[in-house]
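Understanding the architecture of this molecule
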Amino acid sequence: MYAAVLLLVAPVLFGCATEPPADAGSASPSMLASPETETSPSPPPRAPESLEIPSVPPADDRGIVEGGDMSWPQCPEGMGIKERRTLGLPMPLDSAEYVVIGLTNGPAFTPNPCLATQVEWAKKNKVMTSAYAVTSYPRAATIRQYGGEGPGDPDTKIGRLTNVGYQQAVWNLEEMKRAGLESPSVWVDVEPVAVWEWSDDIEANQAVVKGALAGYQDAGKRVGVYSIEGLWTPIVGDLQLQLPEWRPAGEASRAAALERCGGEWMFQGGAAVMVQWLEDGRDRNVTCPGESVQLPLWFHQY
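Parameters and conventions
Residues numbered from 1 in each chain as written. Predicted model: local features only at pLDDT ≥ 70, side-chain atom pairs only at ≥ 80, totals over all residues. Heavy atoms only, no water. Disulfide = S-S within 2.5 Å. Helix = DSSP H or I, 4+ residues; strand = E, 2+ residues; numbered from the N terminus. Buried < 20%, exposed > 50% of the residue type's maximum accessible area, 1.4 Å probe, protein only. Contact = heavy atoms within 4.5 Å. Polar contact = N/O pair within 3.5 Å; in protein donor to acceptor, adjacent residues only side chain to side chain. Pairing = 2+ DSSP bridges. Right-handed = clockwise from strand over helix to strand, strands pointing away. Salt bridge = Lys/Arg side-chain N within 4 Å of Asp/Glu carboxyl O.

**Let's talk about the state of the cysteines**
Counted under the stated rule, the structure contains 2 disulfides. Across a sulfur-sulfur distance of 1.9 Å, Cys75 and Cys114 are joined as a disulfide pair. Looking down the S-S bond of the Cys75 and Cys114 bridge, the torsion is -90 degrees, so its handedness is left-handed. Pair noted here: Cys75 is in the loop between strand 1 (66–70) and strand 2 (98–102) and Cys114 is in the loop between strand 2 and helix 2 (115–124), with a separation of 39 residues, a long-range link. Comparing Cys75 with Cys114, the two get one shared label, buried. Cys261 shares a disulfide with Cys288; S-S distance 2.0 Å. Because the torsion about its S-S bond is -85 degrees, the bridge between Cys261 and Cys288 counts as left-handed. Remark: Cys288 occurs in the loop between strand 8 (282–287) and helix 8 (295–298) and Cys261 occurs in the loop between helix 7 (254–259) and strand 7 (272–279); sequence separation between them is 27 residues.

Following this line, the structure appears as structure tokens:
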């Protein structure tokens, strides 16, 4: 996550119209009239009665709700791949009502080495859980391994990269399943990844990101994006996905992070659901004003 590196819809409520009357489509009164009345002037047609649309009470807006996130940096020190040894950073505060748990040890296809333990922590503390996963540019061997299967054309470079992104999502979802992590959503983390640098080809980078999004969406997951303009644009240019956003503020304050809820911080056309800041070695998060109603869309309640 961006903050860790610094250390190193309201839903559409469809009001369902009531079912048509049981006798809808039956003979009209004029068809049932007696012969004596057939020549009588027909009464003017009645306007159909308006249908009663049941109202659905809106979810309660709880204001700004505090949460946190954790991944490989919070694992006991010295675990993980050699390029990303874990740091033993503090776990979320007791005041956190939700946590977003990272699935990777930095780049794609590398597991968070203590994912299952972190899931158990969330269960024990009865917090809401969601997931995030870093998307990264593949090396040549990874393209050969994963580029042949997915929604892209394996005979083209862009198609193979799309497939690799798609398989990153498939792999991460399997990690979630193995660890017992329940979440209706996945946040796609797009930022520079040291040693696994993104390419200079914006279209190629976009293909990886789009493939990952498709993989999560095909699995029925709600998808949002974690990034900011300064990280997003150098990687994927002006790609406008119009997905909900989770925006980091780095080593800052709660107030500074909340400023990033504003539309001027939009980086790919979506409204901000959450913002993040780093404080005392912890990644802390809050919902943006008015967005607490969406928590059930993004998080599973243990």
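**A word on the environment of Thr287**
Structurally, Thr287 can be placed in strand 8. The class of Thr287 is buried, set by a relative accessible area of 0%. Separated by 41 residues in sequence, Thr287 and Trp246 place their C-alpha atoms 9.2 Å apart. Leave out the neighbours within four places in its chain, and Thr287 touches Gly63, Ile64, Val65, Tyr98, Leu258, Val273, Met274, Ser292 and Leu295. Within the structure, the side chain of Thr287 is placed 2.9 Å from the backbone nitrogen of Val65, a separation counted as a polar contact.

**Thoughts on the pairing of strand 3 (residues 128–134)**
With respect to burial, strand 3 is a largely interior element, 7 of its 7 residues being buried. Judged by which residues are buried, strand 3 turns out to be covered on both faces: Met128, Ser130, Tyr132 and Val134 on one side and Thr129, Ala131 and Ala133 on the other are all buried. Looking at chain direction, strand 2 and strand 3 are connected through 5 bridges and run parallel. Residue pairing for strand 3: Val100 is matched across the bridge by Ser130. You can see the chain leave strand 2, run along helix 2 and come back into strand 3, and the turn it takes is right-handed. Where strand 3 meets strand 9 (residues 300–301), 2 bridges bridge the pair, whose relative direction is antiparallel. Bridge pairing in strand 9 links Thr129 to His300. Inspection of the sheet shows strand 3 paired to strand 4 (residues 185–189) by 4 bridges, in the parallel sense. Of the residues in strand 4, the one forming a bridge with Ala131 is Val186.

**A look at the pattern of salt bridges**
A full pass over the atoms with the stated rule returns 8 salt bridges. A salt bridge links Arg62 to Glu97, with the shortest nitrogen-to-oxygen separation between them at 2.6 Å. Of the two residues, Arg62 is situated in the loop between helix 1 (2–7) and strand 1 and Glu97 in the loop between strand 1 and strand 2; the sequence distance between them amounts to 35 residues. Between Glu120 and Lys123 there is a salt bridge, with the nearest N and O atoms lying 3.7 Å from each other. Remark: Lys123 and Glu120 occur in helix 2; sequence separation between them is 3 residues, near one turn of the helix. Under the relative-accessibility criterion, Glu120 is labelled partly exposed at 44%. The partly exposed category is assigned to Lys123, whose relative accessible area is 31%. Where salt bridges share partners, they join Glu66, Glu279 and Arg284 into one cluster.

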